There are 2 protein chains.
Amino acid sequence: MPFQYLTNVPLDEAKGEYLKILINNGMAPKTEVISVAAAAGRVTASPVYARICAPHYNASAMDGIALDAKLTFGASETTPVSLTGNQYTRIDTGDPLPEGCDAVVMIEDVIESGGGVVKLFEAAAPWQHIRQIGEDICAGEMVLPSYSPITPAALGAMIASGVREVSVIRSPIVGIIPTGDELVLPMSDPKKGEILEFNSAIFSAMLREWGAETVIYPVVRDDLAMMREALDEALSRCDVIILNAGSSAGSEDYAAEAIALTGSVAYHGLAIKPGKPAILGYSGSKPILGVPGYPVSGIIVIEQILRPIIDYLCRKTSETDRYIDAVLSKAMVSSLKYQEFVRVRMGFVNDRLIASPLSRGSGVVTSFMKADGLVVIPQGVEGYESETAVSVRLLRPEQELRRNLVIIGSHDPLIDELAELLRVENDDINLSSAHVGSMGGLLAVRKGEAHLAGTHLLDETSGEYNVSYVRKILPEGGARLVECVERAQGLILRKGNPKGIRGIADLGQAGLRYVNRQKGSGTRILIDYLCRKNSVDTSEIYGYDREEFTHTSVAALIAADSADAGLGIYSAAKMYDLDFVPIWQERYDLLIPDYAWDMPMMKKLLDVIRSDVFHGRLEALGGYTIKNPGSVRERF
Amino acid sequence: MPFQYLTNVPLDEAKGEYLKILINNGMAPKTEVISVAAAAGRVTASPVYARICAPHYNASAMDGIALDAKLTFGASETTPVSLTGNQYTRIDTGDPLPEGCDAVVMIEDVIESGGGVVKLFEAAAPWQHIRQIGEDICAGEMVLPSYSPITPAALGAMIASGVREVSVIRSPIVGIIPTGDELVLPMSDPKKGEILEFNSAIFSAMLREWGAETVIYPVVRDDLAMMREALDEALSRCDVIILNAGSSAGSEDYAAEAIALTGSVAYHGLAIKPGKPAILGYSGSKPILGVPGYPVSGIIVIEQILRPIIDYLCRKTSETDRYIDAVLSKAMVSSLKYQEFVRVRMGFVNDRLIASPLSRGSGVVTSFMKADGLVVIPQGVEGYESETAVSVRLLRPEQELRRNLVIIGSHDPLIDELAELLRVENDDINLSSAHVGSMGGLLAVRKGEAHLAGTHLLDETSGEYNVSYVRKILPEGGARLVECVERAQGLILRKGNPKGIRGIADLGQAGLRYVNRQKGSGTRILIDYLCRKNSVDTSEIYGYDREEFTHTSVAALIAADSADAGLGIYSAAKMYDLDFVPIWQERYDLLIPDYAWDMPMMKKLLDVIRSDVFHGRLEALGGYTIKNPGSVRERF
């Protein structure tokens, strides 16, 4: 069945209906009786009553002597009462109150006067310094009602009241069935066409965070019969089943059919993006969720559809999501047809919380790893302009966002090393970097969206770096240009330089596949300039329009023989053990706006930049020249 | 060494110094290398670099045909391009891009025209619909810096980039050594003098919540040599040690000595309450914490002293505590000498958040179980007046407080059953009850501190219940008196009535031990009245001043032969299988202020009160007469 046959049901409608169907079919929390000692963090399934009183006997609350209070009546500073050895009993905290005693006098108030006789200068009140039976809990009292989370203190209260076993909600068991001919188990050297099976690990970790147990089944091939077999096996053991991939409607997508033949399909196709080709199916009271193969789609579908079900089965009301208002750094276009979920990173810059959209590719799992929050664009909304204030669902506590130091601009592997050293020195700072090229970095600083920007913009006329660009973009000034490194730019070539490329002039040669950097990046500006200088017609260079956003990805494509050459820095070539023809030495500076200059985080970053350990890392990366890193070159 | 030798060091000073000493002695997080699949929720100990690119080959992002984009240049609606079978390759999502191809055309846009020939009406852009190598991650890139929490998505990113093992922070191992001659393992029938050992279970659950592993050692007797032996064994295996009890300075308190002989004692005695007799000791880099025996003291000490240490060893910054402003329902007196930690329950009543102090006894573990928050009274502050606004540290999410339905007033076991049925019917409502007697309940309603109050106040002149009292206390009106039950009050007596008590007149007899209810409780008012009526001089009744706060605790003391008689309700006598001489039939009503009448929670409570299942519970409890529960008797 071709794509267009998928329905496009609004998320909330499908969600609500699906849960209703399942509950009508008898989906309900299960219970189990476990030892109290093992019950921490669980939820009670029935009321817990005290078996005994706590304390279960009248106990002394002090070290001292136990006695019959009546004997002390009338005692005072002037008329002390004397008691002989048989009129009191030495007693320690926790000891049971002896027969005939109804009070305890603290040892500090007892004056020995020889021969076991003691003097008391104050009358004892009946029941003073005694922990009476049931002071904490009385036998028969309800310690906890049903559906109460068992906190450490509740655990203690149950044991103290003689409860040994407790009936609790059993964690639902979720079976995860990965499917796909191309899937292989995690390894370090997969072959072309082999896809590492990591979705199950992600889903399992999410579900366990929510309180479920998980079973990951072996990979099933794209075969209807095998899928049905796997579903039957999972149904025999699990309460909830995830069938991962094959949920779309391509020639090899059997999930919907398999679920329909095993049970029923309530919905196939949701009006969400990513995640549209989801299958909301079930067998009796057991949900069977068909999840798209792309990790990001899968995460969204499982979070949206399965989380409420897991909460229901765990009988707990999960922490309501927290939202925060932020300003968009970039426009977000969205289709009217779908409710869209966009991952964003955030940072408090110049007193505003800025949200920057991350890659929206549903295969880009790092977008979720880096995400601080999630922006939901409702169905029927075309998206948001840049600078719009949006409400963002927090994926990290707000306090962590306040520790995000935002660097936007030109890419260099040294940024990762800075991030690492900042963690090591001050493990609470996150250097949050976005690679949008040097120009993008300068604009971000002007718009007040970055704490700093990496830049290496060549002024062709003066041969100077960055200064003239900053003047143009920040005419009012309000920033410092801080020296970082000088680095070698050159042609990154396949190992052994099979195409015998000696320089820019050779880039036009037939059969050569070039890979370029995006417009606005310093490296793109440099290659444009170098081509003019060497009078090479860039339209002659095959792949000149093939744009990558980092030096590393340019090198990666060349290393994989997907391209022959690309301009980039030496450290990227070295990382992949590629050939390198040095062509240019350039400055890589940092532009730091005044509004960020005095931040303690910035001071710590500059300390790192000046540190020997950082310089050591640069040498290891290779291709860098260090002069006065961290020194202010120019103030604007 | 007697008590006064304990120091009284301010908490923050001791805390800070202690951590410094430990770090100077080399206390540091430990690391371990584990399989990525098992790393969810852990924290990285070193940076993680990608081993391979993700994707690691150029893959089709669609089902369609792969081809060389050049072949399609110029194609349009009017001038379609035809390709023969050898010019393209059928390809599915995830398949590797064949040699010589640099674009994919979606199957929907491919028109078959027989003989394997296909027509295209649009030119393909190079690299369209292709997931290029490294789109997600490039080999050599840093996936995660050190000290990053491993989220589900991070887990996926590591596997996707070919990482199989990861170095993570090892959970610190905390050894818990319970000590005390009187301690016995959890059971349901301890003998007099035997104390159930439940502290270890509480502490262990707390520490595990914070990310530590725990080892609970067998109970050690109060013997110096044995304690030292236990400490040595624990030191050989654990990173942190808790020595529970014996931390004070009584005749059998060896903890300080044992720690001093094994390592060193930094502080013995903190200016906090509860928790003063804490011992901050260490052996080299390993903390040895001497913790008081009372559970509440222990919880406070471990939370205050050990949590920052566990966070440090787990290398994570724990969620900062959340605070909320609330109004105190009762005055809190505190000693100038100590920083005091008071547990409170809270509820949103009449648009104010009310905080009511719970029992401050350091042996009352239920006070922590019931606590919604913690009020800290600083050292040097004498306490707070009632109605003071205080900042409360939340022990539960605020949203849960909004689901607290607060009932304050007279005690009856039926309140527990109401709580249970509310949970079962609507598992998000917590009926939060405080037993302060009928008068206390009416006052709470007047002060706007309770959603409702249970009351059974006899008007001696009219013989009527509650109405005249409500008129007196709420002259302005603004409340409804709702019928709940009638119940039998009588003398609760020891099984078989050994003292042959027939009625009130016998309470004065010699050798009889009476146990009373607190002043202001309906039952106390009733017994005062009954004594007058029977011309019994209450000063003749032994134990008339011995005050308990619930019917259950009165019955519990009689059952334990700590008293012979007490006035109370039948259900309490039945609970303990005691004799009962019925004396009076009384109304137990609910007073519901107008400000709470329309709350959805209140409607649900009244539904429960009217339900058959509740009436069934009442019959099981015994001694109740049900007429029109839930109906409004009188409106004020």
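Since this is a predicted model, take the numbers as computed values, not measurements. (Residues numbered from 1 in each chain as written. Chains lettered and ligands numbered in written order. Predicted model: local features only at pLDDT ≥ 70, side-chain atom pairs only at ≥ 80, totals over all residues. Heavy atoms only, no water.)

1. Overview of the sheet that holds strand β7 (residues 103-106) of chain B
Across a sheet, strands are paired by hydrogen bonds formed along the backbone, either parallel or antiparallel in direction. All names here are of chain B. To keep it simple, the criterion reads: Note on pairing: DSSP must find at least two bridges between two strands before they are called paired. Secondary structure follows DSSP: runs of H or I at least 4 residues long count as helices, runs of E at least 2 residues long count as strands, and numbering of each begins at the N terminus. Angles run from 0 to 180 degrees between N-to-C directions of axes, and those axes are lines fitted to C-alpha atoms, restricted for helices to the stretch in contact.
With antiparallel pairing, three strands are arranged side by side in an open sheet as β6-β4-β7. Of all the strands in the sheet, just β6 (88-91) and β7 have a single pairing partner and so form its edges. Looking at each pair of strands side by side, their axes are set apart by 30° on average, direction ignored.

2. Thoughts on the relation of the copies chain A and chain B
Turning one copy of the chain about an axis and sliding it along that axis gives the other copy, so a rotation and a shift relate them. Convention followed: The least-squares superposition of copies is restricted to C-alpha atoms, and to residues with a pLDDT of at least 70 in both copies. Contacts are residue-level and defined by heavy atoms, with any inter-residue pair within 4.5 Å sufficient.
Superposing chain A onto chain B takes a rotation of 180° plus a shift of 0.0 Å along the axis, which leaves an RMSD of 0.1 Å. Viewed as a symmetry operation, the transformation between the two copies matches a two-fold axis. Every residue of chain A has its C-alpha some distance from the rotation axis, and the shortest such distance is that of A:Glu209, at 6.5 Å. The residues that chain A uses at the interface reappear at the interface of chain B in 100% of cases, marking a shared surface.

3. Remarks on the confidence of the model for chain A
Let me state the cut-off plainly: You can read pLDDT as the predictor saying how much it trusts each residue, on a scale of 0 to 100.
On average, chain A scores 94 in pLDDT, and the residues at 70 or more come to 99%. Predicted complex metrics record ipTM = 0.92 and pTM = 0.92.

4. Looking at the interface of chain A and chain B
Rule in force here: By convention, the term buried area covers the 1.4 Å-probe accessible surface removed from two parts as they join, with the contributions of both added. N or O atoms within 3.5 Å of each other form a polar contact, as long as, within protein, one can give a hydrogen and the other can take it, and as long as residues adjacent in sequence are counted only when both atoms are side-chain atoms. Put simply, Ala, Val, Leu, Ile, Met, Phe, Trp, Tyr, Cys and Pro go in the nonpolar bin, Asp, Glu, Lys and Arg in the charged bin, and everything else, Gly too, in the polar bin.
The partner chain B presents 104 residues to the 103 residues of chain A that form the contact. Summing both partners gives a buried area of about 8500 Å² for chain A against chain B, and 57% of it is carried by carbon and sulfur. Counting across the interface, chain A meets chain B through 30 residue pairs in polar contact (both at pLDDT 80 or more). When residues of the side of chain A that touches chain B are traced back to their parent elements, those giving at least two are β11 (142-144), α2 (152-160), β15 (195-196), α3 (199-209), α7 (366-370), α9 (414-425) and α13 (551-559) of chain A. The element contributing the most residues to the side of chain A that touches chain B is α2(A), with eight residues. Of the residues that constitute the side of chain A that touches chain B, the class distribution is 49 nonpolar, 24 polar and 30 charged.

5. Things to note about helix α9 (residues 414-425) of chain B
All names here are of chain B. Formally: The span you would expect from a helix comes to 1.5 Å times its residue count less one. Partly exposed describes any residue whose relative accessible area lies between the buried limit of under 20% and the exposed limit of over 50%, with all areas from a 1.4 Å probe on protein chains only and scaled to the type maximum.
The first and last C-alpha atoms of α9 sit 16 Å apart over 12 residues, in line with the 16 Å expected at 1.5 Å per residue. A large share of α9 lies buried, amounting to nine of its 12 residues. Buried residues of α9: Leu414, Ile415, Glu417, Leu418, Ala419, Glu420, Leu421, Leu422 and Arg423, and no others.

6. Observations concerning the pairing of strand β32 (residues 479-493) of chain B
All names here are of chain B. Of all the 15 residues making up β32, 15 are buried; the element is thus mostly covered by neighbouring parts of the structure. Bridge analysis of β32 against strand β36 (residues 579-593) gives 14 bridges, and the strand direction is antiparallel. Considered in β36, the bridge of Arg487 is made with Glu586. For β32 and strand β38 (residues 632-635), the ladder comprises three bridges, and the chain directions are antiparallel. From the neighbouring strand, Leu481 faces β38, where its bridge partner is Glu634. Of the strand pairs in this sheet, β32 and strand β37 (residues 624-625) are connected by two bridges, and their pairing is antiparallel. Among the inter-strand pairings, Glu486 is bridged to a residue of β37, identified as Thr625.

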